[in-house]
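# A structural walkthrough
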Amino acid sequence: MPRPPEYLPFDDRYDPGEPPELAAQRFYEVMRRRRSVRSFSDRPVSRRTIEWLVRAAGSAPSGANKQPWRFVCVQDPELKRRIRRAAEEEERAFYEGRATEEWLKDLEPLGTDPHKPFLEVAPWLIVVFKLAQDDDGGKVYYAEESVGIATGMLLAAAQHAGLATLTHTPSPMRFLGEVLGRPERERAWMLIPVGYPADDCLVPAHAVKRKALEQVMVVDRGGRA
Ligand SMILES: Cc1cc2nc3c(=O)[nH]c(=O)nc-3n(C[C@H](O)[C@H](O)[C@H](O)COP(=O)(O)O)c2cc1C
């Protein structure tokens, strides 16, 4: 006989203390100022701060609550150096051959290239791994979606804390598991430098552009004919 699920009263509800419309706008005002940063300061960020960011990420929903993620937080200069070296190697192969013409053209306005000095300068690199199997050997469900949501929450938490990030995807990313000595069931998913932007940090104008609300949002007619 399967045991019936236990339930708890949902008492610990978040109340923003203001109407949802205002709270939603306030959050947007924080999030709209997030930028992918590729020029970091070496100003330190405490381990405690990183722990809070990872807690926020780990509070994400996930398929069957399997929480199929691991956030490996790197601050050691030697590890960062090895990650930079390996990432730059992959990126050179990408820019010099693996990328399609169209992809390179789409990247042009961002001005990215194979050089990734920020991987050594940023005080922390958070390497997100997707679990292909639970730690106890069990199955995971919708791991891709779950890790995507958790990572989005990590980015939002960093932004909320006044920290900058980059969603870096050197491809293929296998080297991250090797450099960090992670088990086979953990698949490198994203490399996220976290820290403060450099004082002279520039961001590509192209990156600031967003589609208009009408382009991304479709609303029904609210039951009216
Ligand atoms: C899945 C994903 C992969 C990305 N990969 C890279 C990357 O490898 N290198 C990089 O410099 N930026 C990368 N970016 C950042 C995008 O270029 C950036 O989000 C976009 O230009 C919009 O700029 P914004 O983040 O400042 O709003 C990636 C973003 C996402 C969501």
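This is a predicted model, so every value here is computed, not measured.

The next point concerns the sheet that holds strand β3 (residues 164-165). Two strands in a sheet stick together by hydrogen bonds in their backbones, pointing the same way (parallel) or opposite ways (antiparallel). Read from one edge of the open sheet, four strands run β1-β2-β4-β3, paired in antiparallel fashion. Strand pairing shows two members of the sheet lacking a second neighbour, β1 (69-74) and β3, which therefore form its edges. Where β1 and strand β2 (residues 124-131) come together, six bridges link them in antiparallel fashion. What sits directly across from F71, in β2, is V128. Of the strands in this sheet, β1, β2 and β4 (186-195) are in contact with helix α2 (residues 47-58), which crosses β1 at around 165 degrees.

The ligand sits among R35, S36, R38, L110, T112, L166, T167, H168, T169, V203 and A207. For the shell around the ligand, the residue count by class is four nonpolar, five polar and two charged.

Axis separation between α2 and helix α6 (residues 143-160) bottoms out at 7 Å; the angle between their running directions is 140 degrees. Taken together, the axis directions place α2 and α6 in an arrangement best described as oblique. For α2 against α6, the interelement crossing comes out right-handed. Residues L53, A56, A57 and G58 of α2 form the contact with α6, whose own contacting residues are A150, T151, M153, L154, A157 and A158. Class assignment for the residues of the contact of α2 with α6 results in eight nonpolar, two polar and no charged.

Conventions we followed
- Residues numbered from 1 in each chain as written.
- Predicted model: local features only at pLDDT ≥ 70, side-chain atom pairs only at ≥ 80, totals over all residues.
- Pairing = 2+ DSSP bridges.
- Helix = DSSP H or I, 4+ residues; strand = E, 2+ residues; numbered from the N terminus.
- Contact = placed C-beta atoms within 7 Å.
- Axes fitted to C-alpha atoms, helices over the stretch in contact; angles between N-to-C directions.
- Near = placed C-beta within 6 Å.
- Nonpolar A, V, L, I, M, F, W, Y, C, P; charged D, E, K, R; others polar.
- Parallel < 35°, antiparallel > 145°, perpendicular 65-115°, else oblique.
- Left-handed = near helix turned anticlockwise from the far one by under 90°.

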